[in-house]
Every structure is written in structure tokens, then in C-alpha cells.
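Residue-level structural notes
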Amino acid sequence: MRDLGKDTVLRLTRRHADLLVYGGTVLTPNGVEVIDIACIAGRIIAMGDLAGNWTAETAIAATGLHVLPGVIDSQVHFREPGQTHKETLASGTRGAVLGGVTAVFEMPNTQPLTLYQHDLEEKMRRAYGRTWCNYAFYIGGSAANTQHLAALENLPGCAGIKVFMGSSFGDLLADDDVVLERILCQGYRRLAVHAEDETRLCQRRALVEASGDVRQHPIWRDERSALMATERIVRLAAKTGRRLHILHVSTAEEMAYLAQHKCRVSVEVLPHHLTLCAPECYQRLGTLAQMNPPVRDKRHQDALWQSVRTGVVDVLGSDHAPHTLEEKACPYPQSPSGMTGVQTLLPVMLGHVHHARLSLQRLVDLTSSGPARIFGIEGKGRIALGYDADLTIVDLHARREISNRWIASQCGWTPYDGIRVTGWPIHTIIRGHVVVRDEGLCDDLPQGQPVRFLESRDAAQLPCL
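What this report covers is the structure whose coordinates are included nearby.

**Considerations on the pattern of salt bridges**
- Under the counting rule described, the total for this entry stands at 28 salt bridges.
- Notably, a salt bridge pairs R232 with D177, separated by 2.5 Å at the nearest N-O pair. Note that R232 is positioned in helix α8 (residues 223-240) and D177 in helix α5 (residues 177-184), a separation of 55 residues in sequence.
- Linked by salt bridges that have partners in common, E80, E122, R125, R126 and R130 make up one network.

Next up, the structure:
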């Protein structure tokens, strides 16, 4: 815990907070409790029956609402620099807080690619004073920067190293076992991986070039393409002793395999794969449902849900990857893969909570405490004394319709347009600063800050997760 400043000690003595959240049903490490939360200087400083004894600069009545630890979306693509016609750090984080997300990890496939210290520093410069939530940036692991990765992963604001075994290009593609092993040997932090076998994908592309039918997207990028890559990287990680985080797992076969390799491997799933289902989504949405790895049929979706229930899944990310409607309208397979998701992650999953597909406590583990545990994030992931005052306050009974009009992304669309859900983010708080109140953005930008991480060697000593 950081030392308390003199001003904080004085306000604590006087029982005067910057922010008081009172009357809410709070999900704490101790369970579900109806308590009040006092925040000073961006941290939680008191919890309990406080409303009658504390004053505050700002107060939020949370009666009838549930107070969750701030949601962490550990996989987003905000396209800046290079493709700001479809997203920016400002618009992406604006959508994040409107959806109840308080921190994001942004991916390295921008233009230029995020491969070196100066690339990361340029993103940090762009983020300063323009972001609505907290942030960190992945650096891409590739043959071009292997010798620098151990130092790069420890830079301030670095979320870790991300490897693309498929579905990438140029220096960001790492599909050779020799290169992958060299990357795995450089550094200590958990390595995030997009696992699709590039050779198999190239061999099978002719299937869809001939048909031009987006319904064949999961046939081209089949379950074997995913499983082959996942098995390869897990074997190499076991050989080198490196921890892995397998992103957007989409197949039953991968889940069965990963369930046997949990000591060093953590698993992410996406709301898209848990919610959309082939072939219906392609018939209804066309290329708007196109993403990598693909949305698959019900057999795979059922396996993902079973893995959520049995604890194989550690983290829920959005893989927010926007493209404009004009780009998506290109004939398949020239149409780009990816869809928005950061703003809809929580509403969609609260809808699943309403339908008893998972508990609210399990959702908190997947979106708050799970990411904090897996990535070694300091001061986030739980509502407890001394932790950062990042809070996501939701109404489990609110009924809302998700619409394109609500989406803050530059691209302005969502695959869930017209879908009604029960459960909705009402207030979003970043380090004690109310950013969204009563579902609307507050006037002043909170100036998000870099997420803090444990030192890589410390993180490497954590018990297997």
C-alpha cells in the first residue's frame, strides 16, 4: 500500500471523503454485503456503516444497486496510431466507461506496430489527458525484437508481451517454433497468445476464396487450426518454463486440452463466442459477425460455457476490434475480421447473469479479480481497504436495448443492435472520480492513468493459477 499523505490522514481523521458510495450491495472479498464505501485520493479508505458519520465532496446513493470492483477488459484494439478513422484512444475509452469498464489493455497491431520502447512511449504520450479510464499497452513479440523483450515487458504502462501465431502480418507474425521458443525464453511475465496455425490457415483459404460465403468462416478457420497452435505453444511453454495466457479460446477441443494444462496456462473467452452462434449469426449479420477466431456452432459454445462453470476459464475480455461499416461491406473474405465489444461486454454478460448462466460473483471473478490475479495488477480487482477506488455500479433489474446509437466507438455499430438485456451499468468510478453517473458521461475527463503491475520477477514467483 502506498503511504498516506498528510492531507489524506487529516481527512480520514475528520471523516470527510472525496467520494462516499452508500447503501449499495457490495461484492467484497468477504462476500456480498450492504455497506458504504469512502474514497480519498483515489483509494478506498473506509468501508462499513459510514453514511451517518462521514461527509463527502461527492456522494452516490447506491440503494438497490450492486457495487462491483472495476471491470478490467484485458484485450482491446483501439487502432491508434494509424487507423483513427475507426477508433481512437479517446473514443475507445469513452465507450469503455459507458459500459462500466475501468481499465483496458490495448493490443500492439497498430500502425506502426508496437514493438519497441519508442512505440510504447508514443502510445503513452497519446493516452495522457485523452483517456476516460486506466490503460496499459501490449508490446508485440516477434523475431525482430526478441533480444529486447525481457526489458520491454518491464516498461511502465506495458501490459506484457503479445504473440500472434496467426492472423497477423509482417514483423508481428510469429509462426515459427524456433522464433516462438526464443520469445518464450525472454522475460518472466505471462505471455499472451493468439493461437491459430498460420500454415493451415493459408492452405485452407482457397475454400472461401472460391465461395465468397461468410458462413464458411468457421470452416476455413476450423477447430483444428486453433488446436494445433494451442498445443504447439503450450508444449514450448512447458519446455521453457514460461506462463501463457491463451486469448479468445473458441473450441471444445482446446478447452478439453487446456483443462489438462492449467498450472502454467490461463484462459480467456469472449462474450461474442458465448453469445453469438453459427450459422444463425452469419445469416443475420453477415460479415458483421466475422472475427478471428470465428464464432462457431452450438457444440463449441456449450463447451465454452461448461468451461466457465468448471473454472477452466480465468478471464473474460472483449477483443474489441472495430472496423467501419464500409470496410465490413467488402466482399468476403476481403472483408476485415473484428467487431466492437468493450462497451457491450458488461451489459451482455449481465444479461447472461439474469438468465442464470453464471453468477454475479463468477462474473466479477472473470472481469475484475481474475485479470488482477493473472496479470499481477497492483491495487485493482477487489473492493478492499487500500485498493484503488475503481468501481462499477450496476442495476441488475434495469432493462435496456443495446443500439448502434449508444455506441461511442468511431465505427458506430455493434453486433447486438436491437438486443434487449436485463442488467446495466449505471455509474462508473475511476480512482474515486465519477466518470459516468446515471448512465451519462460526466463533463470533465478524469485523465486515466497507466495500470501498475508487479515486477516481472515477482510475478513469476506467484503460485500456479
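**Examining the side chain of H217**
- Along the chain, H217 falls in helix α7 (residues 217-220).
- Ignoring any residue separated from it by four or fewer positions in sequence, one finds H217 in contact with Y282, Q290, M291, N292, P294, Y332 and S337.

**So, helix α15 (residues 360-375)**
- In this model α15 runs 22 Å from its N-terminal to its C-terminal C-alpha over 16 residues, within 8% of the 22 Å that 1.5 Å per residue would give.
- The sharpest bend along α15 measures roughly 45° and falls at S369, with the proline P371 sitting one to four residues further on.
- Burial within α15 is extensive, with twelve of its 16 residues counted as buried.
- Looking only at α15, the buried set comprises L360, R362, L363, V364, L366, T367, S368, G370, P371, A372, I374 and F375.
- Phi turns positive one or two residues past the end of α15, at G376, with a value near 65°.

**Things to note about the packing of aromatic side chains**
- Tallying each qualifying case throughout the model produces five aromatic pairs.
- Seen from their ring centres, W406 and W424 are 4.6 Å apart, and the 45° between their planes marks the pair as tilted. Taken together, the residues W406 in the loop between β14 (391-401) and β15 (420-430) and W424 in strand β15 connect sequence positions 18 residues apart. Just as W406 is buried, W424 falls in that class too.
- Three or more aromatic residues joined by ring pairs make a cluster, and in this case those are F105, Y138, F375 and F453.
- Here the guanidinium or amino end of R189 rests over the ring plane of F453, the centre of that ring lying 4.5 Å away.

**Considering the sheet that holds strand β11 (residues 244-246)**
- Strand order in the open sheet formed by eight strands is β6-β7-β8-β9-β10-β11-β12-β13, with parallel pairing between adjacent strands. The sheet is open, and its two borders are formed by β6 (71-76) and β13 (315-316), each paired with just one other strand.
- As defined by bridge partners, strand β10 (residues 191-194) adjoins β11 across three bridges and the pair is classed as parallel. When the sheet's bridge partners are listed, L191 is paired in β11 with L244.

**Structural notes on the pairing of β14**
- The pairing of strand β5 (residues 66-69) with β14 spans four bridges and is classified as antiparallel. Bridge pairing links P69 to L391 in β14.
- As judged from the eight bridges shared by β14 and β15, these two strands associate in the antiparallel manner. Counterpart to R399 in the pairing with β15 is T422.

**Structural notes on unusual backbone geometry**
- In this chain, E80 is followed by P81 through a cis amide linkage whose omega measures 5°.
- The residue P81 is located in the loop between β6 and α2 (89-98) in this model.
- Here the residue pair N292 and P293 is connected by a cis peptide bond, since its omega of -10° sits within 30 degrees of zero.
- The topology assignment puts P293 in the loop between α11 (280-285) and α12 (298-310).
- Backbone geometry places A356, a non-glycine residue, at a positive phi of 65°.

Analysis parameters
- Residues numbered from 1 in each chain as written.
- Predicted model: local features only at pLDDT ≥ 70, side-chain atom pairs only at ≥ 80, totals over all residues.
- Heavy atoms only, no water.
- Salt bridge = Lys/Arg side-chain N within 4 Å of Asp/Glu carboxyl O.
- Helix = DSSP H or I, 4+ residues; strand = E, 2+ residues; numbered from the N terminus.
- Contact = heavy atoms within 4.5 Å.
- Expected span 1.5 Å × (residues − 1).
- Bend = angle between axes of the 7 residues up to and from the residue.
- Buried < 20%, exposed > 50% of the residue type's maximum accessible area, 1.4 Å probe, protein only.
- Phe/Tyr/Trp six-rings, centres within 6.5 Å; stacked < 30°, edge-to-face > 60°.
- Lys NZ or Arg CZ within 6 Å of the ring centre and 35° of its normal.
- Pairing = 2+ DSSP bridges.

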